[in-house]
Amino acid sequence: MAFELEKLLRPHIRKIKPYSSARDEYSGKIGVFLDANENPYGSLTGEPFNRYPDPYQTEIKEKLAPIKRVRPSQVFLGNGSDEAIDLLMRAFCVPGRDNIILLPPTYGMYEVSAGINDISTKSVELTPDFQLQPSKILEAVDANTKIIFICSPNNPSGNKMDRNHIRQILKGFEGLVVVDEAYIDFSDEPSFTVELDKFPNLLVMQTFSKAWGLANLRIGMAFASEEIINILNLIKPPYNVSGLTQQKVLESLEKADEINKLVHQIFEEKVFLENKLASFAFVKHIYPSNANFLLVKMDGARKIYEFLIKEMIILRDRSKVQLCADCLRISLGTREENTALIKALNQYHSTSN
Ligand SMILES: *Cc1c(COP(=O)(O)O)cnc(C)c1O
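Residues numbered from 1 in each chain as written. Predicted model: local features only at pLDDT ≥ 70, side-chain atom pairs only at ≥ 80, totals over all residues. Heavy atoms only, no water.

Some points on the UniProt feature "modified residue: N6-(pyridoxal phosphate)lysine" (unreviewed entry) in the chain
UniProt marks Lys210 with the feature "modified residue: N6-(pyridoxal phosphate)lysine" (unreviewed entry), using the numbering shown here. Inspection of the secondary structure assignment puts Lys210 in the loop between strand E6 (202-207) and strand E7 (220-223). Exposure remark for Lys210: the relative accessible area of 28% places this residue in the partly exposed category. The contacts of Lys210, once residues within four sequence positions are left out, are Ala182, Tyr183, Phe186 and Asn292. Looking at Lys210, its side chain comes within polar contact range of the side chain of Tyr183, at 3.1 Å. (UniProt positions renumbered as here; feature names shortened; annotations may be inferred. Helix = DSSP H or I, 4+ residues; strand = E, 2+ residues; numbered from the N terminus. Buried < 20%, exposed > 50% of the residue type's maximum accessible area, 1.4 Å probe, protein only. Contact = heavy atoms within 4.5 Å. Polar contact = N/O pair within 3.5 Å; in protein donor to acceptor, adjacent residues only side chain to side chain.)

Have a look at this one:
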């Protein structure tokens, strides 16, 4: 099917001229900068935070692109992937008219962002083993459907989606297909970025918040065609990624090869926790996970959740979510943290009998 970006865009976006900062006209690093009303003396921190940061995060993109096997022009960086989600809706969905398709149980921000932008959502449930239903999804598409959000590996279920199902949706839908790969670093499958050149309607999202351990800094990535990336750059706030964040991300990228060590450590914790959890009678099912969390079905999930809160151990209660009845989502912690959880569950077990 033909994908026409021009047709998909909200009409007024085509006419927008980007905010031009004074520095867009001069890209040199050395000079007498009297253009941006900054404080010339520095800041009270003693660090050079007085100057505005690079609005396009050029250095990061140049380092990141070869790691991700894309071109720098195919990379967008945002204030968390949550910013990319919001920008996509603002670029492509007319409030009060257009809709997006969500595949619950899934990440909550798509729905929140749609609500804020007055965009309606259609839901096509995953199968009981949390796989996509491509034909049902394509049947749900109407003339005003602009984006389909696929989360793989999926939050909260932790599984990866069948790649052929994703391809089927990419082929059958004229709008934008977002594949949210927040947990891709924990998965044994390659990123969908390898398909970018084949599918002009594909956008892949990743984040520095999970495997990279930089949730606090707020930086997310989107990979797509240069045309789509240009749109996001056009409508984003000019300085959406702070200079401090850019600096720390660059430092992390210098050590990119060490990320596997962190990921492996977390994988070992997954095996540890899976084994321990499996021995509790109230644990009914541990879903296979390609992420840094486990979805666990338990008898008395809500009671267990509340018991653990009193022990100051906080899990994510997903027991009221579609297909997740009686399920808690457990982020993999350090060995110490995971051991504390098991200890508390032992306590729960002995008090509830
Ligand atoms: C955690 C998470 C994100 C990350 O969002 P950031 O804004 O980059 O921190 C995105 N998508 C999913 C599915 C997530 O679970």
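Quick word on empty space enclosed by the protein
Per the stated rule, a full pass over the model turns up two cavities of 30 Å³ or more. For the largest cavity, the calculated volume is near 100 Å³. As for the largest cavity, its lining consists of Pro18, Tyr19, Ser20, Ser21, Asp24, Pro55, Tyr56, Asn233, Leu234, Lys236 and Pro238. Classifying every residue of the lining of the largest cavity by side-chain character gives six nonpolar, three polar and two charged. In this structure, the second largest cavity spans a volume of roughly 70 Å³. Considering the residues around the second largest cavity, the lining is formed by 14 residues, among which Ser152, Arg163, Glu181, Ile184 and Glu189 are closest to the centre. Its residues assigned to classes, the lining of the second largest cavity shows seven nonpolar, three polar and four charged. (1 Å grid on protein atoms, 1.4 Å probe; cavity = no way out; pocket = protein on both sides within 12 Å on 5 of 7 lines; lining within 4 Å. Points joined across faces, edges and corners; volume = space filled by probe spheres on them. Nonpolar A, V, L, I, M, F, W, Y, C, P; charged D, E, K, R; others polar.)

Remarks on the layout of surface pockets
One number sums up the size of the largest pocket: a volume of about 1,000 Å³. Forming the walls of the largest pocket are 31 residues, and the residues nearest its centre are Lys29, Tyr52, Pro53, Asp54 and Pro55. Those elements that place two or more of their residues in the lining of the largest pocket are helix H2 (58-68) and helix H8 (243-254). Broken down by element, the residue count for the lining of the largest pocket peaks at five residues, all from H8. Among the residues making up the lining of the largest pocket, the classes are represented as 15 nonpolar, eight polar and eight charged. Considered as a void within the structure, the second largest pocket measures approximately 520 Å³ in volume. Lining the second largest pocket we find 21 residues, and of these Ile67, Lys68, Arg69, Ser191 and Thr193 sit closest to its centre. Of the residues forming the lining of the second largest pocket, the biggest block, three residues, is contributed by helix H9 (residues 259-278).

Observations concerning the site of the ligand
Near the ligand, the surroundings consist of 13 residues, among which Ser81, Tyr183, Thr207, Lys210 and Arg218 are the closest. Within the side chain of Arg218, an N or O atom sits 2.6 Å from an oxygen atom of the ligand. Protein contact buries 94% of the 390 Å² of open area that the ligand shows by itself. Looking at the shell around the ligand residue by residue, the class counts come to four nonpolar, five polar and four charged. (Near = heavy atom within 4 Å. Areas by Shrake-Rupley, 256 points an atom, 1.4 Å probe, with all protein chains shown as cover.)

Some points on the pattern of salt bridges
Per the stated rule, a full pass over the model turns up 21 salt bridges. Of the charged contacts, one joins Lys198 and Glu195 as a salt bridge, the two residues approaching to 3.1 Å between their closest N and O atoms. Owing to a relative accessible area of 5%, Glu195 belongs among the buried residues under this scheme. Because the salt bridges share partners, they merge into one network encompassing Lys160, Arg163, Asp188 and Glu189. (Salt bridge = Lys/Arg side-chain N within 4 Å of Asp/Glu carboxyl O.)

Topic: the domain arrangement of the chain
By the assigned domains, the chain splits into domain 1 (5-254) and domain 2 (259-352). Domain 1 and domain 2 are separated by 30 Å when their C-alpha centres are compared. Residue-level contacts link 23 residues of domain 1 with 18 residues of domain 2. Overall, the association of domain 1 and domain 2 removes approximately 1,700 Å² of surface from exposure, summing both partners, and the carbon and sulfur fraction of that is 66%. Remark: the boundary between domain 1 and domain 2 carries zero salt bridges. Where domain 1 packs against domain 2, one counts five residue pairs in polar contact (both at pLDDT 80 or more). Its residues placed into classes, the side of domain 1 that touches domain 2 shows eleven nonpolar, seven polar and five charged. (Domains from an automatic or database assignment. Buried area = accessible area lost by both parts, 1.4 Å probe.)

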